[in-house]
Amino acid sequence: MPMTLKKLRRELAKAEAASERASQARAALPPGSTRARVTSANARWASAAEYRDLLRGQLAEAEQHPGHTCPECGSDCIKIRSRQLDNDGTVWWGECYHGHEGPDVRSADQALDDFRRTT
Ligand SMILES: [Zn+2]
């Protein structure tokens, strides 16, 4: 199943809740907790927050180009990529969440209709 915006939003909601729980667990450690417990609560919170931020970033990027799907897998999580060429031109292409990329990936912007080279 391809990743979709809907699924990504659901994942993010779960990650936000998990991060919140980890944050509360960390705050709820009683005074005098062992260093090991504090360290592991901190680590759990940090990794939960990191995952949440990763998903937030992916979602923010994908939401910029809604309503378009990858022809290979059907995912509607499309990112726009661009690369500067040696001759100062820029190549644009679309990439779906799963890494399928190419000018065939349809996007909101003209950029995704095909490779565009500007010189
Ligand atoms: Zn795809």
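Scroll up to find the structure.
Below, the structure is looked at part by part. All values derive from a computational prediction rather than experimental measurement.

Each helix and strand counted, the protein chain has two helices and four strands in total. Secondary structure elements in the protein chain, listed N-terminal to C-terminal, are α-α-β-β-β-β. A burial count over the protein chain gives 18% of its 119 residues as buried. Pairs at least 24 residues apart make up 53% of the contacts formed inside the protein chain by residues separated by at least 6 positions.

Relative to the assigned elements, Gly94 resides in strand 2 (residues 90–96). It is 8.7 Å that separates the C-alpha atoms of Gly94 and Cys70, two residues lying 24 residues apart in sequence.

This paragraph deals with helix 2 (residues 35–62). Taking 1.5 Å per residue, 28 residues should reach 40 Å; helix 2 reaches 40 Å between its end C-alpha atoms and fits that length. Within the sequence span of helix 2, burial applies to Trp45, Ala48, Arg52 and Ala62. In this fold, the buried residues of helix 2 make contact with helix 1 (5–27) and strand 1 (78–84).

Between its terminal C-alpha atoms helix 1 stretches 33 Å, which fits the 33 Å expected from 23 residues at 1.5 Å a residue. All of the buried residues along helix 1 are Leu8, Ser19 and Ala22. The secondary structure elements touched by the buried residues of helix 1 are helix 2.

This part covers the packing of helix 1 against helix 2. Relative orientation of the contacting elements helix 1 and helix 2 amounts to 155°, with a least axis distance of 8 Å. Classified by the angle between their axes, helix 1 and helix 2 sit roughly antiparallel to one another. In this structure, helix 1 crosses over helix 2, and the sense of that crossing is left-handed. When the residues that make up the contact of helix 1 with helix 2 are grouped by side-chain class, the tally is 15 nonpolar, four polar and seven charged.

Reading the values: the criteria
- Residue indices follow the written sequence of each chain, beginning from 1 at its first position.
- In keeping with the predicted nature of the model, local features appear solely for residues at pLDDT of at least 70, side-chain atom pairs appear and are counted solely at 80 or more, and the whole-chain, interface and lining totals rest on all residues.
- A helix here means a DSSP run of H or I that spans at least four residues, while a strand means a run of E at least two residues long, and both kinds are numbered starting from the N terminus.
- Every C-beta atom is placed from the backbone, and the number of other C-beta atoms within 10 Å of a residue's own sets its class: buried at 20 or more, exposed at 12 or fewer, partly exposed in between.
- C-beta atoms are first placed from the backbone for all residues, and any pair lying within 7 Å is then listed as a contact.
- The span you would expect from a helix comes to 1.5 Å times its residue count less one.
- A fitted line through C-alpha atoms represents every axis, and for helices the fit uses only the stretch in contact; the resulting angles, taken between N-to-C directions, go from 0 to 180 degrees.
- Roughly parallel covers angles under 35 degrees, roughly antiparallel covers those over 145, roughly perpendicular covers 65 to 115, and oblique covers all other angles.
- Take the far helix as the reference: if the near one is turned anticlockwise from it by less than a right angle, the crossing is left-handed, and if turned clockwise, right-handed.
- We call Asp, Glu, Lys and Arg charged. Ala, Val, Leu, Ile, Met, Phe, Trp, Tyr, Cys and Pro are nonpolar, and the rest, Gly among them, are polar.

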